[in-house]
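# Survey of secondary and tertiary structure
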Amino acid sequence: MNSIGEKIKALTQKKLTKNQKIFLTGFLGFLGLVLLAGLGTGVYRVYAQTKTDRFTVAVASILRLPIAKVNGVPVLYTDYADDLRAITVMRDYDKANNGQAAALTDEKLSDQVLFRQVNNILINDLARKNSIAVEAKDIDKVKTDILQKEFQTLTAAEKAIHDRYGWTLSIFEKKVIAPFVLQGKLAEKIKSDPAIKEQLRARAQKVLDEVKAGGNFATLAEKYGEDGTAQRGGDLGWFAKEEMVPEFESVAFGLKKGELSPTLVETRLGFHILQVEDMKSEKTKDAKGKSISKASVKARHILIMFPTIERLLSDDLKKATINVYGKVHNPFADLLKVK
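Remember, predicted model here, so these are calculated numbers, not experimental data. Note on numbering: residues in each chain are counted from 1, in written sequence order. Totals for whole chains, interfaces and linings use all residues, but because this is a predicted model, local features are given only for residues with pLDDT of at least 70 and pairs of side-chain atoms are given and counted only at 80 or more. Excluding hydrogens and water, the side-chain values take into account all heavy atoms of the structure.

### Notes on the sheet that holds strand E5 (residues 270-285)
Inclusion rule: Strand pairing is assigned whenever DSSP detects at least two bridges linking the two strands. Only DSSP runs of H or I reaching four residues or more are called helices, and only runs of E reaching two or more are called strands; each is numbered from the N terminus. Only heavy atoms enter the contact rule, under which two residues are in contact if any of them lie within 4.5 Å. Lines fitted to C-alpha atoms define the axes, with helix axes restricted to the stretch in contact, and inter-axis angles between N-to-C directions lie between 0 and 180 degrees.
Here 4 strands make up an open sheet; going across it, the order is E3-E6-E5-E4 and the pairing antiparallel. One side of each edge strand has no neighbouring strand; the edge strands of this open sheet are strand E3 (235-240) and strand E4 (265-266). Sheet topology places E5 next to strand E6 (residues 291-305); 15 bridges connect them, and they run antiparallel. Looking at E6, one finds that Ile273 is bridged to Ile302. Of the strands in this sheet, E5 and E6 touch helix H9 (residues 217-224), which is tilted by about 55° from E6.

### Points about the pattern of salt bridges
For clarity, the threshold we go by: We count a salt bridge whenever a side-chain nitrogen from Lys or Arg sits within 4 Å of a carboxyl oxygen from Asp or Glu. Burial status follows relative accessibility: with a 1.4 Å probe on protein chains alone, a residue under 20% of its type maximum counts as buried, one over 50% as exposed, and anything between as partly exposed.
According to the stated counting rule, one finds 25 salt bridges in the structure shown. A salt bridge links Lys137 to Glu135, with the shortest nitrogen-to-oxygen separation between them at 3.7 Å. The exposure class assigned to Glu135 is partly exposed, which follows from its relative accessible area of 41%. Among the ionic contacts, a cluster of salt bridges with common partners joins Asp82, Asp83, Arg85, Arg116 and Lys175.

### Quick word on the sheet that holds strand E7 (residues 322-324)
Strand order across the open sheet formed by 3 strands is E2-E1-E7, with antiparallel pairing between neighbours. Taken across any chain shown, the strands that pair with only one partner, and hence form the sheet edges, are strand E2 (73-76) and E7. With strand direction ignored, the average angle separating the axes of adjacent strands in the sheet is 20°.

### Here's the deal with the layout of surface pockets
Rolled over the atoms, a probe with the dimensions of a water molecule shows which regions are left empty. This is how the line gets drawn: Cavities and pockets are defined on a 1 Å grid built over the protein atoms alone: a cavity is a set of grid points where a 1.4 Å probe fits but cannot escape, while a pocket is an open set with protein on both sides within 12 Å along at least five of seven lines, and lining residues are those with an atom within 4 Å of any such point. Grid points are joined across faces, edges and corners, and a volume is the space filled by probe spheres set on the points. In this classification, Asp, Glu, Lys and Arg are treated as charged, Ala, Val, Leu, Ile, Met, Phe, Trp, Tyr, Cys and Pro as nonpolar, and every other residue, Gly included, as polar.
Each pocket or cavity is described by its volume, and for the largest pocket that value is around 600 Å³. Lining the largest pocket are 27 residues; nearest its centre among them are Asp79, Gln117, Asn120, Ile121 and Asn124. Elements with a minimum of two residues in the lining of the largest pocket: E2, helix H3 (77-97), helix H4 (106-129), helix H7 (169-192) and helix H11 (309-319). Here the lining of the largest pocket gets 10 residues from one element, more than from any other, and that element is H4. Considered class by class, the residues forming the lining of the largest pocket number 13 nonpolar, 4 polar and 10 charged.

### As for unusual backbone geometry
One non-glycine residue, Arg64, lies in the positive phi region at around 50°. Position of Arg64 among the secondary structure elements: in the loop between helix H2 (54-63) and strand E1 (66-70). A positive phi angle, close to 55°, is found at Asn98, a residue other than glycine. Relative to the helices and strands, Asn98 resides in the loop between H3 and H4. Judged by relative accessible area, Asn98 falls into the exposed class, the value being 75%.

### Quick notes on the packing of H7 against H11
Rule in force here: Throughout this description, any angle smaller than 35 degrees is read as roughly parallel, any larger than 145 degrees as roughly antiparallel, any in the 65 to 115 degree range as roughly perpendicular, and the remainder as oblique.
Closest axis-to-axis distance for the H7/H11 pair is 9 Å, and the angle between their directions is 100°. Here H7 is positioned roughly perpendicular relative to H11, judged by the angle of their axes. For the pair H7 and H11, contact is made by Gln183, Leu186, Ala187 and Ile190 and by Ile309, Glu310, Leu312 and Leu313, respectively. Class assignment for the residues of the contact of H7 with H11 results in 6 nonpolar, 1 polar and 1 charged.

### Side note on the side chain of Ser296
Relative to the helices and strands, Ser296 is located in strand E6. The buried category is assigned to Ser296, whose relative accessible area is 8%. Not counting residues within four places of it along the chain, the set of residues in contact with Ser296 comprises Trp238, Phe239, Ala240, Phe253, Met279 and Lys280.

Keep in mind these values describe shape, not function.
Following this line, the structure appears as structure tokens:
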């Protein structure tokens, strides 16, 4: 009897174990379906509805969903959503305080967030190429400057940041101060790099040599000029003294009618190839009403500009491959190579 009872007990236990396995498998399968459904719903809310609620952002975080890519580097939806919430808080704040952002539409808010995210990726790429990084002391200096100029206490600064963006001070440091510092250090590096300056000097000298060899000044200005005058052949029109930067002005008023400056003219803007086309002197009156003679010259120039961070970023933006996903406005649609 004991043997039969033990066999029955063993069979019963085996059956229970089998049922338990079936139940567990089914339960896990059910959980998997629920999870997949939840993830699918989250993905739909990201790309079809651009929602920024906690559930949607949590799914986007788990799956690391991008809202855009810049040369293959993702702009994470979580970062986009967080910045969008902050800039929306800023708009609401400005509506209540007659601020500049009060009139921004939802589309403009989204555009600003995307531009900022893409800009940060391009800046980070340039910084890596130039071996530039942000250090804690850099952030502390900017934070100290802000406190000294804008706020009396750290508590007042934290409150203002929370009211305006909904952020803590530490988040503000990461999202605003750090990128600002990095861009500033990069701009200074580009501005002071002697190798870049000499490359531009050599390029400008080649253009000057072409002019000296008989090249048409206006045609070469259209081809090589890098400022707004290039489209009109480098024409600067008439100008008097104290209307141009001093270095440029001193050379221009030292030339004769029809004369080309034999050397490059360096100003804070870059290297100029300068030619005076005409000159005149007119009678006028000074501030005291005294009759004076006022000299003016008509000139053309070809400007090879020093690089600036803004110009480099603009050039990189135009060359970049930018993909924007989901139901959001693409502010880069008019740029080349945008998909």
